[in-house]
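Coordinate inspection notes
Given next are the chains, with one letter for each unit.
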Amino acid sequence: YDMADFGMAAFAPFFMQSPSFLAHQRHLETGQGRSNCQTQFGMRKIPGDSQIRAKLDAIEPAMFHPMFADLVAELDQCGGLDAMRCLGGHVLIALDGTEFHCSDKVHCPNCSHRKRGKDKTEYFHTLLAATLVAPGHNRVVPLEPEFVVPQDGHDKQDCESRAARRWLTAHGARYARFDPIYLGDDLFSRQPICQAVLDAGGSGRRR
């Protein structure tokens, strides 16, 4: 398999209306000789789930970060961001955490954990999602994610608040030129995050 096949196999499901993208494409390939993967996405072969994970899991997520900046730059250049400005010319960046794995059996060194009952431990993965949003728009623009994982040199378990501050330190200055207002729930109304927003050149609004 070519690396391009793996990347496009991960990207293509966003365009398909099938519960199982790979099964659907293989059905088309068997019945008609060619699949949408080949005709629409230029893939040479269709990799399976385990093959995609084995190839892509070793890649650091940060290697994909330049793609987010390129997308925002393209939207800015073509005028797409102008339609998302509001409140006197600001853009809105929503920060929120989301959980994408939870198990009492399957876990790894990057898992967070919590107690369930007297003797049960639950392991889970979360990330902080940053997203350009605008009232009245049915589309959003995803920005670089920040994963909530154990941090070197910290005794306490990592949390969404620290992830938000890391995100602002790493990416806030890049988006400061868009005069952003940062949106968040009550978790983000504390002084350390408010200060991090100001340090990154943004404004904060609690929702």
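In this report, we go over the structure that sits alongside the text. On a predicted model such as this, the values are computed, not experimentally measured, just so you know.

**Brief notes about the overall build of the protein chain**
Looking only at helices and strands, the protein chain has seven helices and seven strands in total. Taken from N to C terminus, the helices and strands of the protein chain fall in the order α-α-α-α-α-β-β-β-β-β-α-β-α-β. The long-range fraction of contacts in the protein chain, counting pairs at least 24 apart against all pairs at least 6 apart in sequence, stands at 55%.

**Quick look at the side chain of H90**
On the secondary structure map, H90 appears in the loop between α5 (65–78) and β1 (91–103). Residue class for H90 comes out buried when judged on its relative accessible area of 15%. Among the polar contacts listed, one links the side chain of H90 to the backbone oxygen of D179, at a separation of 2.8 Å. Apart from residues lying up to four places away in sequence, H90 is in contact with M84, R85, F178, D179 and I181.

**Considering the packing of helix α1 (residues 3–11) against helix α4 (residues 49–56)**
Look at α1 against α4: their axes get within 10 Å of each other, and the N-to-C directions meet at 115°. With respect to α4, the axis of α1 lies roughly perpendicular. Every pair of crossing elements has a handedness; the one defined by α1 and α4 is left-handed. In contact with M3, F6, A9 and A10 of α1, α4 contributes Q51, I52, K55 and L56.

**Let's talk about the nonpolar core**
V72, I93, L95, L132, L143 and W167 are the most contacted members of the largest nonpolar core, which has 25 residues in total. Secondary-structure elements contributing two or more residues to this core are β1, β3 (120–133), α6 (160–175) and α7 (191–199). Sorting elements by how many residues they give to this core places α6 first, with five residues. Counting residues in each nonpolar core, the second largest holds eight residues, with C37, F41, I46 and I52 among its members.

**Focus on the pattern of salt bridges**
This structure, assessed with the given rule, holds eleven salt bridges. Salt-bridge contacts for E122 lead to R114; the nearest nitrogen and oxygen are separated by 2.7 Å. We note a salt bridge from E144 to R174, for which the minimum N-O separation is 2.9 Å. Residue E144 is located in the loop between β4 (141–142) and β5 (146–148), and its partner R174 is located in helix α6; the two are separated by 30 residues in the primary sequence. For R174, a relative accessible area of 36% corresponds to the partly exposed category. Connected through salt bridges with shared partners, the residues E99, R114, R116 and E122 form a single ionic network.

**A short note on the environment of F64**
Inspection of the secondary structure assignment puts F64 in the loop between α4 and α5. Counting along the chain gives 80 residues from F64 to E144, while the straight-line C-alpha distance between them is 8.4 Å.

**Observations regarding the pairing of strand β2 (residues 112–116)**
Along a regular strand, successive side chains alternate from one face of the sheet to the other. Summarising the sheet, β2 and β3 pair through five bridges and their orientation is antiparallel. Bridge assignment links S112 to a residue of β3, and that residue is F124. Following β2, the chain reverses through three residues before pairing antiparallel with β3; G117 in that reversal takes a positive phi of roughly 75°.

**Re the packing of α6 against α7**
Interaxial distance between α6 and α7 falls to 9 Å at its minimum, and their mutual angle equals 10°. Accordingly, the angle class assigned to the pair α6 and α7 is roughly parallel. Between α6, through S161, A164, R165 and L168, and α7, the contact on the second element is made entirely by P192, I193, A196 and V197. Looking at the contact of α6 with α7 residue by residue, the class counts come to six nonpolar, one polar and one charged.

What counts and how
- Residues numbered from 1 in each chain as written.
- Predicted model: local features only at pLDDT ≥ 70, side-chain atom pairs only at ≥ 80, totals over all residues.
- Heavy atoms only, no water.
- Helix = DSSP H or I, 4+ residues; strand = E, 2+ residues; numbered from the N terminus.
- Contact = heavy atoms within 4.5 Å.
- Buried < 20%, exposed > 50% of the residue type's maximum accessible area, 1.4 Å probe, protein only.
- Polar contact = N/O pair within 3.5 Å; in protein donor to acceptor, adjacent residues only side chain to side chain.
- Axes fitted to C-alpha atoms, helices over the stretch in contact; angles between N-to-C directions.
- Parallel < 35°, antiparallel > 145°, perpendicular 65-115°, else oblique.
- Left-handed = near helix turned anticlockwise from the far one by under 90°.
- Core = buried A, V, L, I, M, F, W, Y, C linked by side-chain atoms within 4.5 Å.
- Salt bridge = Lys/Arg side-chain N within 4 Å of Asp/Glu carboxyl O.
- Pairing = 2+ DSSP bridges.
- Nonpolar A, V, L, I, M, F, W, Y, C, P; charged D, E, K, R; others polar.

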